[in-house]
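Here are the chains, one letter per residue:
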Amino acid sequence: MTKAYWIARVDVTDPERYQDYVTTAAPAMQKHGARFLARGGPFHELEGKARARNVVIEFASMEDALACYNSAEYQEAKAIRQEVSDAELLIVEGYEIPAPSKG
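What comes next is a walk through the structure. Worth saying up front: this structure is predicted, and the values here are computed from it rather than measured.

### Points about the nonpolar core
Nonpolar side chains in soluble globular proteins tend to be buried together.
Right, so step 1: Counting residues in hydrophobic clusters, the biggest one holds 19 residues, and the most contacted among them are W6, Y21, M29, F59 and Y74.
Right, so step 2: When contributions to this core are tallied by element, the ones reaching two or more residues are β1 (4–12), α1 (15–31), β3 (53–59), α2 (62–70) and α3 (72–84).
Right, so step 3: Here the element with the most residues in this core is α1; it accounts for 6 residues.

Structure, rendered in structure tokens:
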């Protein structure tokens, strides 16, 4: 099965209320097997316009990633996020690179 990744770039306008988004989104993330790979850590702006917060979330499949986004739990969280931040969010399909053969 091919994995999928949410990639979010976010400028938070109300950090206190943004925590409400994080808390509200957590059940949807847990239910759909989300695994956070990057979550707002330091970064280097190399090309284009950067946002202050960058998040990469791994899901087992595109179906899981879309189901999480479309879930009632996440839609409630999304409404909060849209009030307290400016963001871009996309889902990209990934693939696993096979390990080189030995020998």
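### Some details on the pattern of salt bridges
Right, so step 1: Counting across every chain of the model gives 8 salt bridges.
Right, so step 2: Two residues, E83 and R17, come together in a salt bridge whose shortest N-O distance is 3.0 Å. One end of the pair, E83, is in helix α3; the other, R17, is in helix α1, and 66 residues separate them in sequence.
Right, so step 3: Classification of E83 by relative accessible area gives exposed; the value is 59%.
Right, so step 4: For E73, the salt bridge identified is with K31, shortest N-O distance 3.6 Å. Taken as a pair, E73 in helix α3 and K31 in helix α1 lie far apart in primary sequence, 42 residues in all.
Right, so step 5: Take K31: its relative accessible area is 56%, and that puts it in the exposed class.
Right, so step 6: What emerges from the salt-bridge pattern is a single network uniting R9, D11, R51 and E88.

### Observations concerning the environment of A65
Right, so step 1: Summarising the element assignment, A65 is placed in helix α2.
Right, so step 2: For A65, a relative accessible area of 0% translates into the label buried.
Right, so step 3: In this structure the C-alpha to C-alpha distance between A65 and E88, which are 23 residues apart in sequence, comes to 16 Å.
Right, so step 4: Not counting residues up to four positions away in its chain, the partners in contact with A65 are A4, W6, F59 and I91.

### Considerations on the sheet that holds strand β4 (residues 85–93)
Right, so step 1: Spatially, the 4 strands line up as an open sheet ordered β2-β3-β1-β4, and their pairing is antiparallel. With one partner strand each, in any of the chains shown, β2 (35–39) and β4 form the two edges of the open sheet. Pairwise comparison of adjacent strand axes, ignoring direction, gives a mean angle of 15 degrees for this sheet.
Right, so step 2: Relative to β4, β1 runs antiparallel, the two being bridged by 9 bridges. Counterpart to V10 in the pairing with β4 is A87.

### Digging into the layout of surface pockets
Right, so step 1: The space that makes up the largest pocket amounts to roughly 260 Å³.
Right, so step 2: Forming the boundary of the largest pocket are 20 residues, of which Y21, M29, F36, R39 and I57 lie nearest the centre.
Right, so step 3: Looking at the lining of the largest pocket, the elements that each hand over two or more residues are β1, α1, β2, β3, α3 and β4.
Right, so step 4: The element best represented in the lining of the largest pocket is α1, accounting for 7 residues.
Right, so step 5: Tallied by class, residues from the lining of the largest pocket come to 16 nonpolar, 1 polar and 3 charged.

Basis of the calculations
Residues numbered from 1 in each chain as written. Predicted model: local features only at pLDDT ≥ 70, side-chain atom pairs only at ≥ 80, totals over all residues. Heavy atoms only, no water. Core = buried A, V, L, I, M, F, W, Y, C linked by side-chain atoms within 4.5 Å. Buried < 20%, exposed > 50% of the residue type's maximum accessible area, 1.4 Å probe, protein only. Helix = DSSP H or I, 4+ residues; strand = E, 2+ residues; numbered from the N terminus. Salt bridge = Lys/Arg side-chain N within 4 Å of Asp/Glu carboxyl O. Contact = heavy atoms within 4.5 Å. Pairing = 2+ DSSP bridges. Axes fitted to C-alpha atoms, helices over the stretch in contact; angles between N-to-C directions. 1 Å grid on protein atoms, 1.4 Å probe; cavity = no way out; pocket = protein on both sides within 12 Å on 5 of 7 lines; lining within 4 Å. Points joined across faces, edges and corners; volume = space filled by probe spheres on them. Nonpolar A, V, L, I, M, F, W, Y, C, P; charged D, E, K, R; others polar.

Note that all results are geometric; they support no functional claim without further evidence.
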